[in-house]
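Secondary and tertiary structure notes
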Amino acid sequence: MNIRSTTLKDVIEIIPNIFSDERGFFFESFNENTWKKQGLPYSFKQDNQSYSIKNVVRGLHFQTGEHAQGKLVRVIKGRVLDIALDLRQESPTFGKYELFDLDSESGKMIYIPEGFAHGFAALEDSIFHYKCTGEYCKSAEAGIHWNDSSLKIPWEVDSPIVSLKDQMLPTFEEYLQGSYSVN
Ligand SMILES: Cc1cn([C@H]2C[C@H](O)[C@@H](COP(=O)(O)OP(=O)(O)O[C@H]3O[C@H](C)C(=O)[C@H](O)[C@H]3O)O2)c(=O)[nH]c1=O
């Protein structure tokens, strides 16, 4: 597999070895020993999967404090524009985000460590899968508004479909003035 650093400190892009033949293709989406040898995070506590119709935007989400989650994200079907936003005040890339075009054919994965807000837009009807380094904790859920005017995230979708919960999320400025601690 190929591992590439990104513009965000500690966010890693992973391209697995894909074995193609006349039937289709195969790749290992996770292997503890291989990841351990490559110095990649390998301890995950929960797998999640969501299906989003085209134009859905989910996020930007994170869990606060000790419940912060690292996420290994990939697309099983379709194509998404994925985003990671660095919320770690001590990070050299604090307040920066990067967009990642993820699709089912490339198998490309992104590892997003604890301390980031995460979201994605479904550019097609898509199945999204991610491994989390920590379990879900409803009381620790937090987020930042998907359409924040200071972040100006270019989602590439027309009339996004956003949950009521996400429509109510604070702006990045409101978050910064709040009392959240992401890790
Ligand atoms: C995240 C989560 C949710 N749920 C329940 C809670 C709700 O009843 C239902 C839907 O949850 P929600 O609307 O928060 O799902 P998403 O909008 O896809 O949230 C996720 O979207 C962005 C992209 C993320 O990175 C987060 O991991 C996660 O917040 O699933 C669970 O039971 N366990 C869980 O781990």
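Residues numbered from 1 in each chain as written. Predicted model: local features only at pLDDT ≥ 70, side-chain atom pairs only at ≥ 80, totals over all residues. Heavy atoms only, no water.

Here is the rule: UniProt positions are given in the numbering used here, feature names are shortened, and annotations may be inferred rather than shown by experiment.
Going by an unreviewed UniProt entry, the chain carries the name dTDP-4-dehydrorhamnose 3,5-epimerase and comes from Dyadobacter pollutisoli. UniProt's Pathway (unreviewed entry) comment on the chain is quoted here verbatim: "Carbohydrate biosynthesis; dTDP-L-rhamnose biosynthesis." In its Function (unreviewed entry) section, the UniProt entry covering the chain states "Catalyzes the epimerization of the C3' and C5'positions of dTDP-6-deoxy-D-xylo-4-hexulose, forming dTDP-6-deoxy-L-lyxo-4-hexulose."

Description of the nonpolar core
The criterion, for reference: Residue types Ala, Val, Leu, Ile, Met, Phe, Trp, Tyr and Cys, when buried and joined through side-chain atoms within 4.5 Å, form a set referred to as a nonpolar core. Only protein chains enter the accessibility calculation, which uses a 1.4 Å probe. A residue is then buried if its area is under 20% of the maximum for its type, exposed if over 50%, and partly exposed in between. Here, two residues are considered to be in contact whenever any of their heavy atoms come within 4.5 Å of each other.
Core analysis: the biggest nonpolar cluster contains 20 residues, and Leu 60, Leu 85, Leu 87, Ile 144 and Trp 155 have the highest contact counts within it. For Leu 60, the residues in contact, after removing those within four places along its chain, are Ile 83, Leu 85, Ala 117, His 118, Gly 119, Ala 142, Gly 143, Ile 144, Leu 151, Ile 153, Trp 155 and Leu 169. Ranked by size, the runner-up nonpolar core spans 15 residues in total, among them Val 73, Val 75, Ile 110 and Phe 128.

Comments concerning the site of the ligand
Rule in force here: Only a single heavy atom is needed: when it lies within 4 Å of a molecule or strand, its residue is near that molecule or strand. Counting of polar contacts relies on pairs of N or O atoms within 3.5 Å, with two restrictions inside protein: one atom must be capable of donating a hydrogen and the other of accepting it, and residues adjacent in sequence are counted only when both atoms are side-chain atoms. Where accessible areas are quoted, they stem from the Shrake-Rupley method and a 1.4 Å probe; at the residue level, only the protein chains shown are allowed to cover. Here a cavity denotes grid points, spaced 1 Å and computed from the protein atoms alone, that fit a 1.4 Å probe unable to get out, and a pocket denotes an open set having protein on both sides within 12 Å along at least 5 of 7 lines; residues with an atom within 4 Å of a point are the lining. More than half of a molecule's atoms within 2 Å of the grid points is what it takes for that molecule to sit in a cavity or pocket. Helix and strand labels come from DSSP, where a helix needs a run of H or I of at least four residues and a strand needs a run of E of at least two; each type is numbered from the N terminus. Here the nonpolar group is Ala, Val, Leu, Ile, Met, Phe, Trp, Tyr, Cys and Pro; Asp, Glu, Lys and Arg are the charged ones; every other residue, Gly included, is treated as polar.
In the region of the ligand, the neighbouring residues are Gln 46, Asn 48, Arg 58, His 61, Lys 71, His 118, Phe 120, Tyr 130, Tyr 136, Glu 141 and Lys 165. Residue Tyr 130 places a side-chain N or O atom 3.0 Å away from an oxygen atom belonging to the ligand. Between the ligand and Lys 165, the relevant distance is 2.6 Å, taken from an oxygen atom to a side-chain nitrogen or oxygen of the residue. Protein burial of the ligand: of its 650 Å² of free accessible surface, 65% is covered by the chains. When each cavity is represented as a set of grid points, the ligand is found to reside in the largest pocket. At the level of secondary structure, the elements contributing two or more residues to the shell around the ligand comprise β5 (46-52), β6 (57-63) and β11 (116-122). Residues of the shell around the ligand, tallied by class, amount to three nonpolar, four polar and four charged.

Regarding the UniProt feature "active site" (unreviewed entry) in the chain
Annotation from UniProt places "active site" (unreviewed entry) at His 61 and Tyr 130. Look at the named residues: they lie 70 residues apart in sequence, but the longest C-alpha span between them is just 13.5 Å, so in the fold they bunch up. As for the annotated residues, the ones lining the largest pocket are His 61 and Tyr 130. Following the sequence through the fold, His 61 ends up in strand β6. Under the relative-accessibility criterion, His 61 is labelled partly exposed at 24%. Look past the residues within four positions of His 61 in its chain and what remains in contact with it is Lys 71, Phe 116, Ala 117, His 118, Ala 142, Gly 143, Lys 165, Asp 166 and Leu 169. Engagement of the side chain of His 61 in a polar contact is seen with the backbone nitrogen of Gly 59, the distance being 3.4 Å. Residue Tyr 130 is classed as buried on the basis of its relative accessible area of 19%. With residues near it in sequence (within four places) discarded, Tyr 130 still touches Gln 46, Asp 47, Asn 48, Lys 71, Leu 72 and Val 73.

Some details on the sheet that holds strand β13 (residues 141-143)
What counts is decided by this rule: Pairing between two strands requires that DSSP report at least two bridges joining them. To define axes, lines are fitted to C-alpha atoms, for helices over the stretch in contact only, and angles between the resulting N-to-C directions are given on a 0 to 180 degree scale.
Pairing is antiparallel in the open sheet, where five strands are placed in the order β9-β8-β11-β6-β13. Each edge of the open sheet carries a strand with a single partner, namely β9 (97-103) and β13. The average angle at which neighbouring strand axes cross in this sheet is 30°, direction not considered.

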